[in-house]
Protein chains: 2
Amino acid sequence: MEEFVVRPIGVVRSELKDPADAPKQGALTGQEAEIVVDPAYLAAMDGLERRIATAETAGCGDEGNRKSGKIIVLCWMHGADRDRLKVHPRGREDRPERGVFSTRSPHRPNPISLHTVTLLSILGNVLRVRGMDAIDGTPVVDIKSHSPELDG
Amino acid sequence: MEEFVVRPIGVVRSELKDPADAPKQGALTGQEAEIVVDPAYLAAMDGLERRIATAETAGCGDEGNRKSGKIIVLCWMHGADRDRLKVHPRGREDRPERGVFSTRSPHRPNPISLHTVTLLSILGNVLRVRGMDAIDGTPVVDIKSHSPELDG
């Protein structure tokens, strides 16, 4: 089959520097981070300001599409092993191996990770988000609006 | 920045043959389709059978992680315009243009689409799903478990 080329549109800036520090499914830990978007894509960010969480939505996010305060970030897990088809879920070796397509492991044929994060603020080309478990330097390949109706 | 190569792991088989037929945000229409996984990745599918929707979960999907009956499918929208940074939301020209990162438009720098679908059945390397709006022949690049807690 045909192959496709992914070109990063930004990068994660985070206090998480080492894969060993990154929490499994760290969306649940509330880790804050920045998404620094390549200024060439600034126009593509227009409208994201509507998604910024308010005091009312920051804690919950189910008050409707526009004001959920959540966005979706896709990253490229550049440290992943693309040849691994089975993993121990959440890295726990006491649990039997499962196919990567039934997990959220970074190891998968196309190591694209999916992060549903809370958008806290935007300053120029920098998004501040909460619930991002990707480590510092992780390439960002896409940003999308989140919809509780479509994605929940 | 470094570029990365995406290799499709499967393909969508659907009655939707033409982009013009594809409903906008068609997850809401209940469109059924098949995901035909390249047999080389059969081992990566192990465990997906646990995600198959039951009569109880098919209509709702919020009874917890394992039994939600939902999975996430990432596709490559190969007909997309990667140079477009702004679009009319949902293709409606009466609505002002917005940056693609604040929409779910297929047109975006890396045209990776995200589909949260209900897994109806698995037969060999073929997944039958509901809520898939990608057209017939769309390359599939990843499959992930869905978690209401992480993704909702």
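Provided above is the structure to which this section pertains.
The rules behind these values
- Residues numbered from 1 in each chain as written.
- Chains lettered and ligands numbered in written order.
- Predicted model: local features only at pLDDT ≥ 70, side-chain atom pairs only at ≥ 80, totals over all residues.
- Heavy atoms only, no water.
- Pairing = 2+ DSSP bridges.
- Helix = DSSP H or I, 4+ residues; strand = E, 2+ residues; numbered from the N terminus.
- Axes fitted to C-alpha atoms, helices over the stretch in contact; angles between N-to-C directions.
- Phe/Tyr/Trp six-rings, centres within 6.5 Å; stacked < 30°, edge-to-face > 60°.
- Buried < 20%, exposed > 50% of the residue type's maximum accessible area, 1.4 Å probe, protein only.
- Least-squares fit on C-alpha atoms with pLDDT ≥ 70 in both.
- Contact = heavy atoms within 4.5 Å.
- Salt bridge = Lys/Arg side-chain N within 4 Å of Asp/Glu carboxyl O.
- Buried area = accessible area lost by both parts, 1.4 Å probe.
- Polar contact = N/O pair within 3.5 Å; in protein donor to acceptor, adjacent residues only side chain to side chain.
- Core = buried A, V, L, I, M, F, W, Y, C linked by side-chain atoms within 4.5 Å.

A. Examining the sheet that holds strand 3 (residues 32-37) of chain B more closely. All names here are of chain B. Overall, antiparallel pairing links the six strands, which are arranged 2-3-8-7-4-9 in a closed barrel. Geometrically, the sheet is characterised by an average inter-axis angle of 45° between neighbouring strands, direction not taken into account. When strand 4 (residues 70-76) meets strand 9 (residues 139-145), the two strands line up antiparallel, connected through five bridges. Among the inter-strand pairings, V73 is bridged to a residue of strand 9, identified as I143.

B. Spotlight on the packing of aromatic side chains. A complete count under the given rule lists two aromatic pairs over all chains for this structure. Note on F4(A) and W76(B): the rings are 5.0 Å apart at their centroids and 15° apart in plane angle, and the pair reads as stacked. Note that F4(A) is positioned in strand 1 (residues 4-6) and W76(B) in strand 4, a pairing that runs across two chains. An identical accessibility class is assigned to F4(A) and W76(B); each is buried.

C. Geometry of the relation of the copies chain A and chain B. With an RMSD of 0.0 Å, the fit of chain A onto chain B corresponds to turning through 180° and sliding 0.0 Å along the axis. Within this description, the copies of the chain are treated as partners about a two-fold rotation axis. If distances are taken from each C-alpha of chain A to the rotation axis, the shortest is found for G152(A), at 1.8 Å. Of all interface residues in chain A, 100% are interface residues in chain B too; the two copies therefore contact each other through one and the same surface.

D. The arrangement of the pattern of salt bridges in detail. If you walk through the whole model with that rule in mind, you get 20 salt bridges over all chains. Here E32(A) and R128(A) are joined by a salt bridge, their closest N and O atoms 3.2 Å apart. Of this pair, E32(A) sits in strand 3 (residues 32-37) while R128(A) sits in strand 8 (residues 126-130), placing them 96 residues apart in sequence. Of the charged contacts, one joins D136(B) and K17(B) as a salt bridge, the two residues approaching to 3.6 Å between their closest N and O atoms. One end of the pair, D136(B), is in the loop between strand 8 (126-130) and strand 9; the other, K17(B), is in the loop between strand 2 (10-13) and strand 3, and 119 residues separate them in sequence. Classification of K17(B) as exposed rests on a relative accessible area of 52%. Several salt bridges converge on common partners, so that one network encompasses R13(A), K17(A) and D136(A).

E. Inspection of the interface of chain A and chain B at higher detail. Contacts between the two partners involve 63 residues from chain A, matched on the other side by 63 residues from chain B. Both faces combined, the contact of chain A with chain B buries some 5800 Å², and carbon together with sulfur accounts for 58% of it. Of all residues in chain A, F4(A), F101(A) and L150(A) bury the most surface against chain B, accounting for 15% of the area lost on that side. In this assembly, chain A and chain B are joined by eight salt bridges. A salt bridge links D142(A) to R108(B); the nearest nitrogen and oxygen atoms lie 2.7 Å apart. Seen at the junction of chain A and chain B, the total is 35 residue pairs in polar contact (both at pLDDT 80 or more). Every element with two or more residues in the side of chain A that touches chain B is listed here: strand 1, strand 4 (70-76), strand 6 (98-99), strand 7 (112-123), strand 9 (139-145) and helix 1 (148-151) of chain A.

F. Local environment of the environment of L74(B). One can find L74(B) in strand 4. With 40 residues separating them in the primary sequence, L74(B) and L114(B) have C-alpha atoms 4.8 Å apart. Look past the residues within four positions of L74(B) in its chain and what remains in contact with it is I112(A), I112(B), S113(B), L114(B), V140(B), V141(B), D142(B) and K144(B).

G. Molecular detail of the nonpolar core. Core analysis: the biggest nonpolar cluster contains 26 residues, and F101(A), I35(B), I71(B), L127(B), M132(B) and I143(B) have the highest contact counts within it. When contributions to this core are tallied by element, the ones reaching two or more residues are strand 3, strand 4, strand 7 (112-123), strand 8 and strand 9 of chain B. For F101(A), the residues in contact, after removing those within four places along its chain, are R108(A), P109(A), I9(B), V37(B), Y41(B), A44(B), M45(B), L48(B), D142(B), I143(B), K144(B) and S145(B). Core analysis: the second largest hydrophobic core is formed by 23 residues, Y41(A), A44(A), L119(A) and F101(B) among them.

H. A look at the pairing of strand 7 of chain B. All names here are of chain B. Sheet analysis places strand 4 next to strand 7, joined by seven bridges and oriented antiparallel. Along strand 7, the bridge assignment pairs V73 with H115. Pairing of strand 7 with strand 8, which is carried by five bridges, proceeds in the antiparallel orientation. Paired with T118 across the bridge in strand 8 is R130. Counting the residues in the hairpin turn of strand 7 and strand 8 gives two residues, including G124, whose phi is positive at 60°.

I. Structural detail: the environment of A33(B). Residues and elements named next belong to chain B. Structurally, A33 can be placed in strand 3. Along the backbone, A33 and A44 are 11 residues apart, and their C-alpha atoms lie at a distance of 20 Å. Every residue in contact with A33, bar those within four places of it in the chain, is listed here: V12, R13, S14, L127, R128, V129 and M132.

Keep in mind that these numbers describe shape and distance, not what the molecule does.
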